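Survey of secondary and tertiary structure
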Amino acid sequence: MNVNIEATWKDVLKDEFEKPYFEKLSDFVKKEYSKSICFPKGNEIFSAFNHCPFDNVKVVIIGQDPYHGANQANGLCFSVHDGITHPPSLINIFKELTTDINKSYPKSGDLTVWAEQGVLLLNATLTVRSGEAGSHQKQGWETFTDAVIEQISKNKKHIVFLLWGGFAKKKGRNIDQNKHNVLASGHPSPLSANRGYWFGNKHFSQTNKFLKANNIHEILW
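Residues numbered from 1 in each chain as written. Predicted model: local features only at pLDDT ≥ 70, side-chain atom pairs only at ≥ 80, totals over all residues. Heavy atoms only, no water.

1. Here's the deal with the packing of helix 5 (residues 88-101) against helix 10 (residues 203-213)
Note the cut-off: Whenever a helix is involved, its axis is fitted only over the stretch in contact; in every case the axis is a line through C-alpha atoms, and angles between N-to-C directions fall within 0 to 180 degrees. Secondary structure elements follow DSSP: runs of H or I of four or more residues count as helices, runs of E of two or more count as strands, with numbering from the N terminus. Any angle that falls under 35 degrees is termed roughly parallel, while one over 145 is termed roughly antiparallel, one within 65 to 115 roughly perpendicular, and all others oblique. Contacts: residue pairs with any heavy atoms within 4.5 Å of one another. Nonpolar residues are Ala, Val, Leu, Ile, Met, Phe, Trp, Tyr, Cys and Pro. Charged residues are Asp, Glu, Lys and Arg, and all others, Gly as well, are polar.
In the contact formed by helix 5 and helix 10, the axes pass within 8 Å of each other and the chain directions differ by 60 degrees. Put simply, helix 5 runs oblique to helix 10. Note on element contacts: helix 10 touches helix 5 through His203, Phe204 and Ser205, opposite Ile93, Glu96, Leu97, Asp100 and Ile101. Partitioning the contact of helix 5 with helix 10 into residue classes produces 4 nonpolar, 2 polar and 2 charged.

2. Observations regarding the environment of Asn102
We count it as follows: Partly exposed describes any residue whose relative accessible area lies between the buried limit of under 20% and the exposed limit of over 50%, with all areas from a 1.4 Å probe on protein chains only and scaled to the type maximum.
Within the secondary structure layout, Asn102 lies in the loop between helix 5 and helix 6 (112-115). By relative accessible area, Asn102 is classed as exposed at 72%. Taking C-alpha positions, Asn102 is 23 Å from Gly83, a pair spaced 19 residues apart along the chain.

3. Here's the deal with the sheet that holds strand 2 (residues 59-63)
Applied cut-off: In this description, strands pair whenever DSSP reports at least two bridges between them.
One open sheet holds the 4 strands; their spatial order is 3-2-5-6, and the pairing between them is parallel. Each edge of the sheet is formed by a strand with only one pairing partner; in this case those strands are strand 3 (119-123) and strand 6 (181-185). Strand after strand, the sheet turns through a mean of 20 degrees between neighbouring axes, direction not considered. Docked against the sheet, helix 7 (residues 141-155) engages strand 2, strand 3 and strand 5 (160-164), running at close to 155 degrees with respect to strand 3.

4. Some thoughts on unusual backbone geometry
For residues other than glycine, phi is negative in most cases, and the peptide bonds are mostly trans. Cis geometry is adopted by the peptide bond preceding Pro40, which originates at Phe39 and carries an omega value of -5 degrees. Of note, Pro40 is situated in the loop between strand 1 (38-39) and helix 4 (47-50). Positive phi, normally seen in glycine, also occurs at Lys138, with a value near 60 degrees. Position of Lys138 relative to the elements: it lies in the loop between strand 4 (128-129) and helix 7. Of note, Asn215 is a non-glycine position whose phi angle comes to about 55 degrees, a positive value. The residue Asn215 is located in the segment after helix 10 in this model. Note on Asn215: relative accessible area 74%, which makes it exposed.

5. A short note on the side chain of Lys156
Keep this limit in mind: Only four residue types enter the charge count, namely Lys and Arg as positive and Asp and Glu as negative; His and the chain termini do not. By salt bridge we mean one thing: a side-chain nitrogen of Lys or Arg within 4 Å of a carboxyl oxygen of Asp or Glu.
Topologically, Lys156 is positioned in the loop between helix 7 and strand 5. Despite being buried, Lys156 has no salt bridge partner; Asp55 is the closest side chain of opposite charge, sitting 5.4 Å away. Not counting the four nearest positions on each side in its chain, Lys156 is found in contact with Phe54, Asp55, Val57, Gln151, Lys179 and His180.

Here it is as structure tokens:
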């Protein structure tokens, strides 16, 4: 696997790339991409980092797997390529956004514009086999992304972590809440959202309120 990752992240994570688990993970990913259709494209695996350098991180959103449908995943959690039909979870994210900050429903599902403002859109697992959700779990990605969260928690301050759903809450259990603002709610998937665990969380306005209070530029959602 070609680790094409932005310079500040390469420096922060250099020890991880040298560990045996990452070497095994890299071999696994190479084999998977050579024998199967996998997502996202190889040059987009580290897009979350490349669009949001470590020094720029203000907000972290934690997802689980990339989308496993054709042409959907673009390396940013919950995001899809421009022109692709919005998946159900993304629809609910945008619905909450429109009611929370009185914004028009976005036409594009590509969240690169968030990433470039300092929102790290981090999936726990960065790759997946086509049509097979969870197919690249437990191969080392979770260890790597735990290290990413640990580095942010330890070396930065006043970061907003948005933990949506049980999986993300577990993933963020070691975040230093004395230094950072952790906002948790149900997952935006229809199953959770329709039970009342998502809509009305006001995470977008709460994020900007916290950033503003700490003299950090707000996100233009």
